[in-house]
Amino acid sequence: MGPLVALVWFLSGFVHSMHAQGVYAPPTVRIVHSGQACNVEEERLSERVYTIKEGETLELVCLVTGHPRPQVRWTKTAGGTLERQDDARTHDDTLKIERIDRNQGGRYYCKANNGIGTPAIRSIRVDVYFLDQPLVTVHQSVGDGAKELFYSERTVFLRCVATSNPPVRYIWRRGRQDLSQGADAGVDIYEPFFTQGETKILKLKNLRPQDYANYTCIASVRNVCGIADKVAHFSLNNRTGGCALCAPAPPSVKLLLDDPLVVNPGETATLVCVASGGNPPPALRWLRPGREPLPKRSRAQGGKLTIPSVTVDDGGVYSCLADNHVGNAARKSANILVRGLRKARFWITPDPYHDDDHIQIGREVKISCEVEATPSEELQFGWLKNGRPLRSSERMVITHSDVQMSPGVTNLDIIDLKFTDFGTYTCVASLRDGGSPEISIDVNISSTTVPPELTVPRGRSLIITQEGDAVELQCLVSGKPKPVILWSRVEDGPAAPEAPPPAKAAAQTESHDGVLRLANVTREMGGTYRCQTSQYNGFNVKPRHALIQLVVQFPPAVEPVLSEVRQALGRAFSLTCRLLRAHPARPLRYEWKLGSRLLTVGQFDETRDETRYQVRALNREGYGEYTCDISNEAGAGRCTFLVTGKAYPPEFYYDTPGALWQNRPRTYGFTLQWTQMEPAGVDRILAYRLGIRQVGQGRLWEQQIPMEVNIHKGQLLTHNLTELVKPESYMVRLTPITRYGEGDPTERVITYSAPVNPHLREFQCAFEDEAMCLFSQDKSDDFDWTRHSAASRDTKYTPNTGPSADRRGSKQGYYVYIETSRPRTEGDKARLLSPSFNTGSKSSSTYCLAFHYHMYGKHIGSLSVSLRQKGVSEMPVWSLRGNQGDRWRRTAIDIHPDADFQVVLEGVRGSGIEGDIAVDDITIQEGPCQDPPSDNLISLALPRRPGDWLPHVILNLILLGRQRMRREALAGWTEMFDSAHTDYNRHFPQLFWYFFAGFNNAPSYDVMLTF
C-alpha cells in the first residue's frame, strides 16, 4: 500500500498545481503593421522586413496573448530602450513614428512580459527607402601646364553621385539621347570600385564636337515605394573668343584681407573672399573648423562675413569655401586675432644655489611675471622700482621670453641682493599697438618677504558634520606674499573614484582665503582633503600642504522604506526592518509602533543588521500602519509597513474568444472574464462591485456580483454585460469585497467593434435589418452602398438598371446596391466591410463565401471581393465586370484566411448612370464550397480551352414542391437559358442557382442548371 499511497499523493499534488495554474499563461507575441508599408517580406520564417518611404508614418502593433495581460515594451535594440525622438511614441502595444527618416530604420523589438514563464520577444526590421538629389561634378587629371584650360587633355569625367536606399540606378543622357556602355566609342560608363552603387562616372574620351552638349544624370530606385526619379543637369561647352573663364573650369578663391586679421574687442571684423576662377561661377560660403557654428551675431552674405562687437571667443580660424561641382572645391583660410591681455601671474624664486627658501642679503633673487597676450608678438614688458622705470644692468638683469611664445614671460634677476634693493617692483604688460588696457603686478621685496607656511587650525584636522549641513575646511597660510591655496580630494580608497563634484570642483578652483566651503554635505563627500600652496603669486618653492579629515554622519538607511502587507484575520506573520548603512554604525536603537502605540524597543548588538516584529494572530485592531525607527546620533531611518486586509485587484482576461456578441439590432453584449490575484492571500472574496459607465460621461452605474464559493488562483470568472448601446465604448471597473471591505479595483475599456464569432460555422445576411448584419462603409472610398427595397425604388432617373426585387423575388425584401446616378463619375468606388470573423485557434482554414449579385445595365462597371486580414495587404479573391443581364446570379468562392478576417465588397461605377450593382444573401460557411465556383471568378488557375466547352447541355430541373411551374415561368426559364447558351464562351458558366417566385400564391421553386 505504501507505493500506491505515494502515487496517489503525487497525482493529487500534480492535479492541485494544474488547478492553481488555471488560465494563467505565458505571453505570446506577433507584430503586425497598420501604417503605410511599401512591402512586407518574410525573413527567416519568424522575422519580417517592413519597407517604408522616408517621411511616411510607421505604425507597428504588437499583438499579445497571455494572462495576466502582458506588459508590452518596444525597443530599438535587443534589451535596450527606444531612442528618444520627438516624433516617436508608444501607446500600449503600438509604436508610431511620424515622418520617419533614414536614421530611424533598423530592427525593432517588441517584448511582452506578464511574469509567467519567460518573456516573449519578436522583432521586425524596418527598411527606410529614400533617394536624394543627385550631384554632378566634373573632373580631369591635368598636367602642370594645363591648369588654365581645363579640357586641354580632351578627356573629361562627369561624376554623378546620389545617396539612396535601395541602391540607385543611373542613366546618362546627352541631350535627349540615352548613353550606354559600348554604344559610343567615345563614351565609357563605369562605377568606381570603392564607391560602387553610389557613383556613376561618364568618361568622355578625346572630346568631339558632339560631346559639347547638355548632359542629364537620372537617378532612379525603380519607383519603389512611389519614389520618383531625380535628375541633375550639366552643360559642357567650349566657347572661346578671349574669355579665359568661359570653358568649364574648377574653382579658385582668394582673400581680400590681411591674414591674420587683428581687431580690438568690441570692433567689427569683416572677412571678404572672392572667386578668382571657375566656370560655372562657384558658390562661396564661410566655415569654421570642426563644423563649429559661426558666431550668432555674424552675418554671411556670399563671400562676405561680418562679425559685429567682436569678443575674445570669436577669435580663431575661418575658411572660405568655393565650389561649382567642377573638380575639387577650393578653400582659403584666415585667422581673426582679438587683442587682449589675460591671466597675469608672478612668482619669486630664491637663490637656486642654496638650499634655503628665504631671501637673504648677498644672494640672488629672481622675480618672474607671466601674461597671455593676443597677438603674442605685440606683447611688451616694462619694470618699475618704487614707481620709477627700471633698466637692465649688471645687478638688475631683465630678460624676456621669445615673442612667439605664449604666454609671454619676463624675468628680473637681482644679483647680490643688497639692503638698498628692498622695495616694490612693478611688472607692466601692454600691447605695442594698444587696443587693450595694460596690466601691472606689484611685488614687494623686503626683510618681511618670507616663503609660505601652511597649518591647520587647532582642532580642525578632524571635522565631524551631519548630512545636509554646510561645512568649511580651513588651512592657515603665513608668509609674504600669501599664495593662492589649492584644494583636492585625496584618493584613499575604493570609493575615491566616486568623489563628489564639489570636491572635484574645489581642486580646480583657487581659494584666496584658504577656506573650502561645502554646502549640503552628503555622505559621499566624506574623506581626506588636501590643501596646498600654489607655485604662482607667491614663492616658487616646493608646495606646502596639510590634510583635513571630513567625517559625515548620516542617519541609518533601512529597507523596506514602505511595504504593503496583506493578511487575513487570524493569521500569523512577521515584519522585518533591515539596516543597510549608518554612520556612526553603533550604537543603534530600534523602536516598533502601530500607529502611535509603542510595541517594543531595543538595541542592535554588533552582529545584528535587522530587527523583526512577530504578530501571532491578526485581529481587526492589528490592521494599520506599523513603523520601525532605527536611530543613531545623526537621526533615524524608518521602515513602514501598511498591514491591510484589502483584496488584491482582479486580473481581466483579454483572450476570451467571441467576447463581444450581438444582443439586439441597437445593442450588444460582452462576456467579461477575469481571475483574482492571490485570492488566498486575504479573506474570502464575498462579492465584486461592478461599475460601468459610457466613455465620455460621468455617471457610474454599479451592481454587486455575489461569490458563493471560494475562488481559486487561476480560476476564470465570467459575467455577461448586456444592453450596451452600439457603437459606444464603456469603462468597466471591478472591485473585490471581503469582510475587511473593498479591495483594489481594476479598470478596462470595452470598445465596440464588429462581432467576433468564437468558432465561425455559418454567417448569413439578407440585409433585412437596419444594422445590415454589422456591415460597415469603408471611410476611404468615394461613396457608399445603400440598403434598399425594390418596393420603394424610384426608377425615374435610372431606368434599365438595377433589380426589380430582392434575390428571392420579393419587392418588400432588402438588398444593398450602388447608386450610379450623378454626381457619381466613372471609376468612383464604394466599399462595404463585413464584420470581423475569428477563426479560433485554427492557423489556416477554408471557408465558403457565397452571395447573389445583380449587374444589369449598359454602363455596368465592376464588382470585386477581397479578403482583409490584420497586418496583411488585402487579397483579391473574385472579380466580375460588365452587364450580366436583368437577373440575380449566385457565386461561391473558397477563401483561406490565416487569422481574423473581413470580407470587402467593392463596386466601381461604370461609364454612365445605367450601372447599378446589387448584392444580396451573403453567407460564409466553414469548409470548402460544395459546388465549384461560378461565373467569372478571377483565379490563378489556367482557364479551359474554348474547345473544351462543348455546346452539349444537360438540364436538370429539381422542383421543390408537388405543384408544376406555370407556363410563364417556363417561358422565362427558356429565355434565360438561351441567353446563357449564347455567350457561354465568354462567361464559361459551370453552375447556376436560380430562384423563381410563385405566381398567384403558387409556391416557389429552386432550379439548378448544370453545364
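Within every chain, residues take consecutive numbers counted from 1 along the sequence as written. Residues qualify for local features only when their pLDDT is at least 70, as the model is predicted, and side-chain atom pairs are given and counted only at 80 or more; totals for whole chains, interfaces and linings, by contrast, use all residues. Side-chain metrics in this entry use all non-hydrogen atoms of the structure; hydrogen atoms and water are not considered.

**Student:** Give a description of the overall build of the protein that names residues and reports values.
**Tutor:** Only DSSP runs of H or I with at least four residues qualify as helices, and only runs of E with at least two residues qualify as strands; both kinds are numbered from the N terminus onward. A count of helical and extended segments in the protein gives 4 helices and 73 strands. Summary of the burial criterion: residues with accessible area below 20% of their type's maximum are buried, those above 50% are exposed, and those between are partly exposed, where the area comes from a 1.4 Å probe applied to protein chains only. Taking all 1011 residues of the protein together, the buried fraction comes to 45%. The contact rule is simple, with two residues in contact once any of their heavy atoms fall within 4.5 Å. Taking all contacts inside the protein whose residues are at least 6 apart in sequence as the whole, residues at least 24 apart take part in 69%. All accessibility values rest on the Shrake-Rupley procedure with a 1.4 Å probe; residue burial counts only the protein chains present in the view. For the protein, the accessible surface area stands at approximately 53300 Å², while carbon and sulfur atoms represent 50% of it.

**Student:** Please provide a residue-by-residue account of the state of the cysteines, values included.
**Tutor:** By disulfide we mean two sulfur atoms from cysteines, separated by a distance within 2.5 Å. All told, the structure shown has 8 disulfides when counted by the stated rule. Across a sulfur-sulfur distance of 1.7 Å, Cys62 and Cys110 are joined as a disulfide pair. Taking the sign of the torsion about the S-S bond as the criterion, the disulfide between Cys62 and Cys110, at about -90 degrees, is left-handed. Taken together, the residues span a long stretch of sequence, with Cys62 in strand S4 (residues 58-67) and Cys110 in strand S8 (residues 106-113) at a distance of 48 residues. The partner cysteine of Cys848 in its disulfide is Cys929, sulfur to sulfur 2.1 Å. An S-S torsion of about 105 degrees defines the bridge between Cys848 and Cys929 as right-handed. Placement of the pair is Cys848 in strand S66 (residues 847-855) and Cys929 in the loop between strand S71 (917-926) and helix H3 (967-982), with a sequence separation of 81 residues. The exposure class of Cys848 is buried, given its relative accessible area of 9%.

**Student:** I'd like to hear about the pairing of strand S64 (residues 814-818), residue by residue, with values.
**Tutor:** Here S64 lies mainly inside the structure; 4 of its 5 residues are buried. Strand pairing is defined by DSSP finding a minimum of two bridges between the two strands. In terms of strand pairing, strand S63 (residues 786-789) meets S64 through 4 bridges, oriented antiparallel. Paired with His788 across the strands is Tyr815, a residue of S64. Pairing analysis gives 3 bridges linking S64 to S71, with the strands arranged antiparallel.

**Student:** Can you explain the packing of aromatic side chains? Please cite residues and give values.
**Tutor:** Centre distance within 6.5 Å is the pairing criterion for rings of Phe, Tyr and Trp, where only the six-membered ring of Trp is used; planes under 30 degrees apart are then read as stacked, over 60 as edge-to-face, and the remainder as tilted. Summed over all chains, the structure comprises 16 aromatic pairs. Taking 6.2 Å as the distance between ring centres and 40 degrees as the angle between the ring planes, the aromatic pair formed by Tyr613 and Tyr626 counts as tilted. Taken as a pair, Tyr613 in strand S49 (residues 610-615) and Tyr626 in strand S50 (residues 624-632) lie far apart in primary sequence, 13 residues in all. There is no split in this pair, since Tyr613 and Tyr626 are both buried. Seen from their ring centres, Trp674 and Tyr688 are 5.3 Å apart, and the 75 degrees between their planes marks the pair as edge-to-face. Pair noted here: Trp674 is in strand S54 (residues 667-676) and Tyr688 is in strand S55 (residues 687-694), with a separation of 14 residues, a long-range link. By the burial criterion, Trp674 is buried, and Tyr688 matches it. Whether a charge sits over a ring comes down to the Lys NZ or Arg CZ being within 6 Å of the ring centre and within 35 degrees of the ring normal. Taking the ring centre of Phe130 as reference, the NZ or CZ of Arg102 above it sits at 3.7 Å. Lying across the ring of Phe652, Arg748 places its NZ or CZ 5.9 Å from the centre.

**Student:** Which residues make up the sheet that holds strand S15 (residues 187-190), and what values go with them?
**Tutor:** Taken together, 4 strands build an open sheet; the order of strands is S10-S11-S16-S15 and the sheet is antiparallel. Each having just a single partner strand, strand S10 (135-139) and S15 make up the two edges of the open sheet. For this sheet the average axis-to-axis angle between neighbouring strands, irrespective of direction, equals 20 degrees. Pairing between strand S11 (residues 156-161) and strand S16 (residues 199-204): 6 bridges, direction antiparallel. Across the sheet, the residue bridging to Leu158 is Leu202, located in S16. For every element, the axis is a line fit to its C-alpha atoms; helices are fit only across the contacting stretch, and the angle between N-to-C directions ranges from 0 to 180 degrees.

**Student:** Can you lay out the pattern of salt bridges for me, pointing to particular residues and giving the numbers?
**Tutor:** Pairs can form between side chains of opposite charge once their charged atoms are near each other. Only one rule defines a salt bridge in this text: a Lys or Arg side-chain nitrogen within 4 Å of an Asp or Glu carboxyl oxygen. Considering all chains together, one arrives at 42 salt bridges under this definition. One salt bridge in this structure joins Arg395 and Asp421, with 2.3 Å as the shortest N-O distance. Placement of the pair is Arg395 in the loop between strand S30 (388-390) and strand S31 (396-400) and Asp421 in the loop between strand S32 (408-414) and strand S33 (423-431), with a sequence separation of 26 residues. Here Arg523 and Glu467 are joined by a salt bridge, their closest N and O atoms 2.8 Å apart. Here Arg523, found in the loop between strand S41 (515-518) and strand S42 (527-533), pairs with Glu467, found in the loop between strand S36 (462-466) and strand S37 (471-474); they are 56 residues apart in sequence, far enough to count as distant. Since its relative accessible area comes to 29%, Glu467 is described here as partly exposed. Salt bridges sharing common partners tie together Asp778, Arg831, Arg868, Glu874 and Glu906.

**Student:** Can you lay out the confidence of the model for the protein for me, pointing to particular residues and giving the numbers?
**Tutor:** Known as pLDDT, the predictor's per-residue confidence is scaled from 0 to 100. Put simply, the protein has an average pLDDT of 81, and 80% of its residues get 70 or more. Below pLDDT 50 for its whole length, residues 83-90 participates in 17 contacts with residues either more than four positions away or in separate chains. Within the model, the stretch residues 493-507 combines pLDDT values under 50 with 15 contacts to residues more than four positions away or in other chains.

**Student:** Residue-level account of the environment of His233, with values.
**Tutor:** Tracing the chain through its elements places His233 in strand S18 (residues 230-235). Sequence separation of His233 and Tyr215 is 18 residues, and the distance between their C-alpha atoms is 5.7 Å. Ignoring any residue separated from it by four or fewer positions in sequence, one finds His233 in contact with Tyr215 and Thr216. N or O atoms closer than or at 3.5 Å make up a polar contact, with two conditions inside protein: a donor-capable atom paired with an acceptor-capable one, and, for residues adjacent in sequence, both atoms drawn from side chains. Side chain to side chain, His233 and Thr216 meet in a polar contact 3.1 Å long.

**Student:** Tell me about the sheet that holds strand S29 (residues 379-385), and please be specific about residues and values.
**Tutor:** Pairing in this open sheet of 4 strands is antiparallel, and the strands run S30-S29-S33-S34 from one edge to the other. A strand with exactly one partner marks an edge of an open sheet, and here the two such strands are S30 and strand S34 (439-445). Here the strands of the sheet are splayed against their neighbours by 35 degrees on average, with no regard to which way each runs. Sheet topology places S29 next to S33; 7 bridges connect them, and they run antiparallel. In the strand pairing of S33, Leu379 is matched with Leu431.

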